Amino acid sequence: NEEPAAPLSKKEMKRARRMYPQPLVSFKELRSRYKISSRLAENVAGQGFTVPTEVQLGSLPLMLGDPSVSTAEISEPDLLVVAPTGSGKSLSFLIPVINKIVRHHHSQSEEHGILSVIVAPTKELASQIVNEGRKLVAGTGVKITLMRKGMRVVERSDDGETNVLEEEAEESAGSEDEDEEDDKPKKSQNNAPVTKSDILVTTPLMLVNSLSANQTKPLAHLPLVRSLVLDEADVLLDPLFREQTLDIWRSCVHPDLRVSLWSATMGSNVEDLTRSTIKERLENIEQKSTT
Ligand code: ADP
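Conventions we followed
Residues numbered from 1 in each chain as written. Predicted model: local features only at pLDDT ≥ 70, side-chain atom pairs only at ≥ 80, totals over all residues. Heavy atoms only, no water. Buried < 20%, exposed > 50% of the residue type's maximum accessible area, 1.4 Å probe, protein only. Helix = DSSP H or I, 4+ residues; strand = E, 2+ residues; numbered from the N terminus. Pairing = 2+ DSSP bridges. Near = heavy atom within 4 Å. Polar contact = N/O pair within 3.5 Å; in protein donor to acceptor, adjacent residues only side chain to side chain. Areas by Shrake-Rupley, 256 points an atom, 1.4 Å probe, with all protein chains shown as cover. Nonpolar A, V, L, I, M, F, W, Y, C, P; charged D, E, K, R; others polar. Contact = heavy atoms within 4.5 Å.

J.: What's the story with the pairing of strand β8 (residues 199-202) in this structure? I'm lost.
T.: Taken residue by residue, a regular strand's side chains alternate between the two faces of the sheet. Residues of β8 alternate between two faces, with Ile199 and Val201 on one and Leu200 and Thr202 on the opposite face, all of them buried. Across 4 bridges, the pairing between strand β2 (residues 116-119) and β8 is parallel. Considered in β8, the bridge of Val117 is made with Leu200. As paired strands, strand β3 (residues 144-146) and β8 are joined by 3 bridges and run parallel to one another. Residue pairing across strands places Leu146 opposite Val201, the latter belonging to β8.

Put into C-alpha coordinates, the structure is as follows:
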(Lines give C-alpha, C1' and ligand atoms only; values in the text may rest on other atoms or scores of the structure.)
Protein backbone atom coordinates (compact mmCIF):
# COMPACT_ATOMS: atom_id res chain seq x y z
CA ASN A 1 0.00 0.00 0.00
CA GLU A 2 1.52 3.21 -1.17
CA GLU A 3 1.26 6.30 0.97
CA PRO A 4 -0.79 9.01 -0.76
CA ALA A 5 1.52 11.74 -2.10
CA ALA A 6 1.88 14.65 0.29
CA PRO A 7 0.18 17.81 -0.98
CA LEU A 8 2.55 20.33 -2.52
CA SER A 9 3.90 22.96 -0.18
CA LYS A 10 3.18 26.60 -0.98
CA LYS A 11 6.72 27.01 -2.25
CA GLU A 12 6.43 23.95 -4.50
CA MET A 13 3.09 25.17 -5.84
CA LYS A 14 4.64 28.51 -6.68
CA ARG A 15 7.51 26.82 -8.47
CA ALA A 16 5.19 24.54 -10.42
CA ARG A 17 3.04 27.50 -11.45
CA ARG A 18 6.13 29.26 -12.77
CA MET A 19 7.21 26.23 -14.76
CA TYR A 20 3.78 25.48 -16.18
CA PRO A 21 1.76 28.67 -16.16
CA GLN A 22 -2.00 28.46 -16.67
CA PRO A 23 -3.07 28.80 -20.30
CA LEU A 24 -4.35 32.17 -21.42
CA VAL A 25 -8.12 31.77 -21.62
CA SER A 26 -8.87 35.22 -23.01
CA PHE A 27 -6.95 38.13 -24.50
CA LYS A 28 -8.26 40.25 -21.59
CA GLU A 29 -5.87 38.34 -19.34
CA LEU A 30 -2.94 39.92 -21.15
CA ARG A 31 -3.80 43.08 -19.24
CA SER A 32 -5.40 41.75 -16.06
CA ARG A 33 -2.87 38.99 -15.38
CA TYR A 34 0.26 39.88 -17.33
CA LYS A 35 -0.06 43.67 -17.02
CA ILE A 36 0.98 44.29 -20.62
CA SER A 37 0.98 47.89 -21.80
CA SER A 38 -2.58 49.25 -21.96
CA ARG A 39 -2.07 50.59 -25.47
CA LEU A 40 -0.74 47.24 -26.68
CA ALA A 41 -3.72 45.48 -25.07
CA GLU A 42 -6.06 47.89 -26.90
CA ASN A 43 -4.30 47.17 -30.17
CA VAL A 44 -4.70 43.43 -29.61
CA ALA A 45 -8.40 43.92 -28.82
CA GLY A 46 -8.69 46.02 -31.99
CA GLN A 47 -7.80 42.96 -34.07
CA GLY A 48 -11.21 41.56 -33.13
CA PHE A 49 -10.10 38.03 -32.32
CA THR A 50 -12.51 36.35 -29.92
CA VAL A 51 -10.35 33.66 -28.34
CA PRO A 52 -6.61 32.88 -28.36
CA THR A 53 -5.63 30.00 -30.66
CA GLU A 54 -4.12 26.89 -29.14
CA VAL A 55 -0.55 28.01 -29.73
CA GLN A 56 -1.30 31.46 -28.30
CA LEU A 57 -2.92 30.20 -25.11
CA GLY A 58 0.05 27.94 -24.42
CA SER A 59 2.97 30.12 -25.48
CA LEU A 60 1.90 33.64 -24.44
CA PRO A 61 2.11 32.91 -20.68
CA LEU A 62 5.58 31.38 -21.18
CA MET A 63 6.80 34.21 -23.38
CA LEU A 64 5.45 36.91 -21.08
CA GLY A 65 7.00 35.33 -18.01
CA ASP A 66 5.95 35.59 -14.41
CA PRO A 67 4.07 38.87 -13.97
CA SER A 68 5.21 39.17 -10.36
CA VAL A 69 8.87 39.43 -11.38
CA SER A 70 10.26 42.93 -11.81
CA THR A 71 11.39 44.43 -15.14
CA ALA A 72 15.04 43.94 -14.30
CA GLU A 73 14.71 40.19 -14.00
CA ILE A 74 12.09 39.17 -16.50
CA SER A 75 11.84 35.46 -16.15
CA GLU A 76 10.80 34.14 -19.51
CA PRO A 77 12.67 31.06 -20.72
CA ASP A 78 14.14 30.15 -24.10
CA LEU A 79 11.37 28.47 -25.99
CA LEU A 80 10.75 26.06 -28.84
CA VAL A 81 7.17 26.18 -30.13
CA VAL A 82 5.88 23.70 -32.69
CA ALA A 83 2.48 24.47 -34.24
CA PRO A 84 1.02 24.28 -37.74
CA THR A 85 1.24 27.07 -40.30
CA GLY A 86 -1.66 29.51 -39.94
CA SER A 87 -2.17 28.75 -36.24
CA GLY A 88 -1.33 32.30 -35.08
CA LYS A 89 2.31 32.05 -34.11
CA SER A 90 3.20 35.62 -35.17
CA LEU A 91 0.91 37.18 -32.58
CA SER A 92 2.37 34.81 -29.97
CA PHE A 93 5.83 36.28 -30.33
CA LEU A 94 4.97 39.83 -31.36
CA ILE A 95 2.93 40.66 -28.24
CA PRO A 96 5.68 39.66 -25.74
CA VAL A 97 8.48 41.19 -27.82
CA ILE A 98 6.66 44.53 -28.10
CA ASN A 99 5.66 44.50 -24.45
CA LYS A 100 9.23 43.91 -23.34
CA ILE A 101 10.36 46.93 -25.35
CA VAL A 102 7.61 49.15 -23.90
CA ARG A 103 8.88 48.14 -20.45
CA HIS A 104 12.43 48.85 -21.53
CA HIS A 105 11.45 52.34 -22.73
CA HIS A 106 9.64 52.99 -19.44
CA SER A 107 12.70 51.92 -17.47
CA GLN A 108 14.45 55.12 -18.65
CA SER A 109 17.35 53.04 -19.92
CA GLU A 110 20.16 54.95 -21.57
CA GLU A 111 20.31 52.24 -24.20
CA HIS A 112 18.64 52.95 -27.50
CA GLY A 113 18.82 50.79 -30.56
CA ILE A 114 17.81 47.42 -31.89
CA LEU A 115 16.44 45.46 -28.92
CA SER A 116 14.83 42.62 -30.81
CA VAL A 117 15.57 40.74 -34.01
CA ILE A 118 13.00 38.58 -35.76
CA VAL A 119 14.43 36.32 -38.46
CA ALA A 120 12.25 34.74 -41.16
CA PRO A 121 13.41 32.71 -44.15
CA THR A 122 11.74 34.79 -46.88
CA LYS A 123 11.20 38.48 -47.51
CA GLU A 124 7.46 37.88 -47.95
CA LEU A 125 7.18 36.30 -44.52
CA ALA A 126 9.30 39.04 -42.96
CA SER A 127 7.07 41.63 -44.59
CA GLN A 128 3.89 39.93 -43.25
CA ILE A 129 5.35 39.97 -39.74
CA VAL A 130 6.11 43.70 -40.04
CA ASN A 131 2.55 44.39 -41.24
CA GLU A 132 1.10 42.52 -38.29
CA GLY A 133 3.59 44.18 -35.95
CA ARG A 134 2.70 47.68 -37.16
CA LYS A 135 -0.93 47.19 -36.08
CA LEU A 136 0.26 46.18 -32.62
CA VAL A 137 2.85 48.93 -32.05
CA ALA A 138 0.56 51.84 -32.98
CA GLY A 139 0.76 54.45 -30.21
CA THR A 140 3.18 52.44 -28.05
CA GLY A 141 6.33 54.31 -29.11
CA VAL A 142 7.87 51.05 -30.33
CA LYS A 143 9.26 50.99 -33.85
CA ILE A 144 9.41 47.95 -36.09
CA THR A 145 11.34 47.96 -39.36
CA LEU A 146 11.75 45.59 -42.27
CA MET A 147 15.40 45.19 -43.23
CA ARG A 148 15.64 46.36 -46.82
CA LYS A 149 18.23 46.29 -49.54
CA GLY A 150 20.57 49.23 -49.08
CA MET A 151 20.14 49.30 -45.27
CA ARG A 152 23.06 48.62 -42.95
CA VAL A 153 23.18 48.08 -39.21
CA VAL A 154 25.74 50.50 -37.78
CA GLU A 155 26.91 51.24 -34.25
CA ARG A 156 26.69 54.80 -32.99
CA SER A 157 27.80 55.95 -29.59
CA ASP A 158 26.75 59.60 -29.71
CA ASP A 159 23.63 59.20 -27.55
CA GLY A 160 24.28 56.10 -25.48
CA GLU A 161 25.11 52.69 -26.85
CA THR A 162 23.07 52.13 -29.94
CA ASN A 163 22.57 50.25 -33.19
CA VAL A 164 20.82 52.21 -35.91
CA LEU A 165 19.94 51.45 -39.51
CA GLU A 166 21.76 53.52 -42.05
CA GLU A 167 20.40 53.67 -45.56
CA GLU A 168 22.29 54.25 -48.76
CA ALA A 169 21.06 57.67 -49.82
CA GLU A 170 19.96 56.72 -53.32
CA GLU A 171 18.06 53.62 -52.11
CA SER A 172 15.97 55.52 -49.61
CA ALA A 173 14.71 58.25 -51.90
CA GLY A 174 11.18 57.30 -52.90
CA SER A 175 11.79 53.65 -52.02
CA GLU A 176 8.46 51.89 -52.48
CA ASP A 177 8.36 50.12 -49.13
CA GLU A 178 9.45 53.21 -47.19
CA ASP A 179 8.73 52.80 -43.49
CA GLU A 180 5.67 55.02 -43.06
CA GLU A 181 5.89 55.10 -39.29
CA ASP A 182 9.46 56.36 -39.19
CA ASP A 183 10.14 59.84 -37.99
CA LYS A 184 11.98 61.91 -40.54
CA PRO A 185 15.23 59.94 -40.81
CA LYS A 186 18.21 61.70 -39.30
CA LYS A 187 21.47 61.98 -41.20
CA SER A 188 24.65 60.07 -40.34
CA GLN A 189 28.17 61.45 -40.60
CA ASN A 190 28.43 60.40 -44.23
CA ASN A 191 25.06 62.02 -44.86
CA ALA A 192 23.15 58.76 -45.25
CA PRO A 193 19.65 58.76 -43.68
CA VAL A 194 19.48 56.94 -40.34
CA THR A 195 16.48 55.06 -39.01
CA LYS A 196 16.14 54.21 -35.33
CA SER A 197 14.24 51.03 -34.74
CA ASP A 198 13.55 48.79 -31.75
CA ILE A 199 12.58 45.68 -33.69
CA LEU A 200 14.33 44.57 -36.85
CA VAL A 201 12.62 41.97 -39.02
CA THR A 202 14.95 40.38 -41.53
CA THR A 203 15.91 37.42 -43.67
CA PRO A 204 19.15 35.78 -42.52
CA LEU A 205 21.22 36.83 -45.52
CA MET A 206 20.32 40.53 -45.34
CA LEU A 207 21.37 40.83 -41.71
CA VAL A 208 24.49 38.70 -42.09
CA ASN A 209 25.61 40.80 -45.07
CA SER A 210 25.13 43.93 -43.05
CA LEU A 211 26.99 42.62 -40.00
CA SER A 212 29.89 41.34 -42.08
CA ALA A 213 30.21 44.48 -44.19
CA ASN A 214 33.99 44.45 -43.92
CA GLN A 215 34.23 40.65 -44.30
CA THR A 216 35.00 40.18 -40.61
CA LYS A 217 34.29 36.91 -38.93
CA PRO A 218 32.83 36.69 -36.31
CA LEU A 219 30.18 39.20 -37.34
CA ALA A 220 29.73 42.60 -35.72
CA HIS A 221 27.73 42.39 -32.50
CA LEU A 222 24.14 43.41 -31.82
CA PRO A 223 24.88 44.29 -28.20
CA LEU A 224 21.40 45.34 -27.06
CA VAL A 225 19.26 42.54 -28.44
CA ARG A 226 17.27 40.81 -25.66
CA SER A 227 14.81 38.86 -27.84
CA LEU A 228 15.82 36.79 -30.83
CA VAL A 229 12.89 35.18 -32.64
CA LEU A 230 13.52 32.52 -35.27
CA ASP A 231 10.32 32.09 -37.28
CA GLU A 232 10.06 28.92 -39.37
CA ALA A 233 13.05 27.69 -37.38
CA ASP A 234 12.95 24.34 -39.19
CA VAL A 235 13.74 26.15 -42.46
CA LEU A 236 16.24 28.51 -40.80
CA LEU A 237 18.16 25.51 -39.49
CA ASP A 238 18.27 23.71 -42.82
CA PRO A 239 21.69 23.67 -44.49
CA LEU A 240 20.81 26.63 -46.74
CA PHE A 241 20.38 29.08 -43.83
CA ARG A 242 21.86 27.27 -40.85
CA GLU A 243 25.25 28.96 -40.64
CA GLN A 244 23.78 32.44 -41.23
CA THR A 245 21.13 31.86 -38.56
CA LEU A 246 23.68 30.63 -36.02
CA ASP A 247 25.99 33.56 -36.86
CA ILE A 248 23.15 35.99 -36.09
CA TRP A 249 22.51 34.15 -32.82
CA ARG A 250 26.22 34.49 -31.92
CA SER A 251 26.07 38.23 -32.65
CA CYS A 252 23.38 38.68 -30.00
CA VAL A 253 25.76 38.82 -27.06
CA HIS A 254 23.59 40.38 -24.34
CA PRO A 255 23.60 38.14 -21.22
CA ASP A 256 19.82 38.47 -20.89
CA LEU A 257 19.16 37.29 -24.44
CA ARG A 258 16.10 35.07 -24.77
CA VAL A 259 15.70 32.99 -27.91
CA SER A 260 12.46 31.56 -29.18
CA LEU A 261 12.17 29.13 -32.08
CA TRP A 262 8.86 28.80 -33.92
CA SER A 263 8.34 25.92 -36.25
CA ALA A 264 5.60 24.05 -38.09
CA THR A 265 7.53 20.78 -37.82
CA MET A 266 9.80 19.22 -35.24
CA GLY A 267 12.61 18.18 -37.58
CA SER A 268 15.82 16.62 -36.32
CA ASN A 269 17.64 19.91 -37.07
CA VAL A 270 15.46 21.79 -34.59
CA GLU A 271 15.54 19.01 -32.03
CA ASP A 272 19.34 18.65 -32.18
CA LEU A 273 19.90 22.38 -31.77
CA THR A 274 17.46 22.56 -28.89
CA ARG A 275 19.16 19.66 -27.14
CA SER A 276 22.67 21.06 -27.59
CA THR A 277 21.53 24.54 -26.49
CA ILE A 278 19.88 23.18 -23.38
CA LYS A 279 23.00 21.15 -22.61
CA GLU A 280 25.21 24.21 -23.05
CA ARG A 281 22.98 26.32 -20.82
CA LEU A 282 22.95 23.65 -18.12
CA GLU A 283 26.74 23.37 -18.25
CA ASN A 284 27.00 27.15 -17.87
CA ILE A 285 24.72 27.06 -14.86
CA GLU A 286 26.72 24.20 -13.33
CA GLN A 287 29.97 26.03 -13.96
CA LYS A 288 28.63 29.18 -12.30
CA SER A 289 27.41 27.25 -9.27
CA THR A 290 30.79 25.57 -8.75
CA THR A 291 32.86 28.74 -9.03
P1 ADP B 1 1.51 31.22 -38.37
O2 ADP B 1 2.64 32.17 -38.05
O3 ADP B 1 1.29 30.21 -37.29
O4 ADP B 1 1.65 30.59 -39.72
P5 ADP B 1 -0.07 33.60 -38.45
O6 ADP B 1 0.48 34.20 -37.22
O7 ADP B 1 0.39 34.13 -39.75
O8 ADP B 1 0.16 32.03 -38.41
O9 ADP B 1 -1.66 33.69 -38.35
C10 ADP B 1 -2.50 33.20 -39.37
C11 ADP B 1 -3.76 34.04 -39.43
O12 ADP B 1 -4.56 33.86 -38.26
C13 ADP B 1 -3.48 35.54 -39.56
O14 ADP B 1 -4.34 36.08 -40.55
C15 ADP B 1 -3.87 36.08 -38.18
O16 ADP B 1 -4.34 37.41 -38.26
C17 ADP B 1 -4.98 35.12 -37.74
N18 ADP B 1 -5.11 35.00 -36.28
C19 ADP B 1 -4.12 35.11 -35.36
N20 ADP B 1 -4.59 34.94 -34.11
C21 ADP B 1 -5.93 34.69 -34.23
C22 ADP B 1 -6.99 34.42 -33.29
N23 ADP B 1 -6.76 34.36 -31.99
N24 ADP B 1 -8.24 34.23 -33.77
C25 ADP B 1 -8.47 34.27 -35.11
N26 ADP B 1 -7.53 34.53 -36.06
C27 ADP B 1 -6.27 34.72 -35.63
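J.: Any chance you could explain the environment of Pro193 here in plain terms?
T.: Structurally, the position occupied by Pro193 is in strand β7 (residues 193-195). Judged by its relative accessible area of 10%, Pro193 is buried. Residues Pro193 and Glu167, 26 residues apart in the sequence, show an inter-C-alpha distance of 5.5 Å.

J.: It is not clear to me how the site of the ligand should be interpreted in this structure. Could you clarify?
T.: In the vicinity of the ligand there are 14 residues, among which Val51, Gln56, Gly86, Lys89 and Ser90 approach most closely. The contact in question runs from a nitrogen atom of the ligand to an N or O atom on the side chain of Gln56, over 2.8 Å. In isolation the ligand has 570 Å² of accessible area, and contact with the protein removes 68% of it. Split by residue class, the shell around the ligand holds 6 nonpolar, 7 polar and 1 charged.

J.: Explain the side chain of Asp247 here, please?
T.: Position of Asp247 among the secondary structure elements: in helix α10 (residues 239-251). Since its relative accessible area comes to 12%, Asp247 is described here as buried. With residues up to four places along the chain from it excluded, the contact list for Asp247 reads Lys217 and Leu219.

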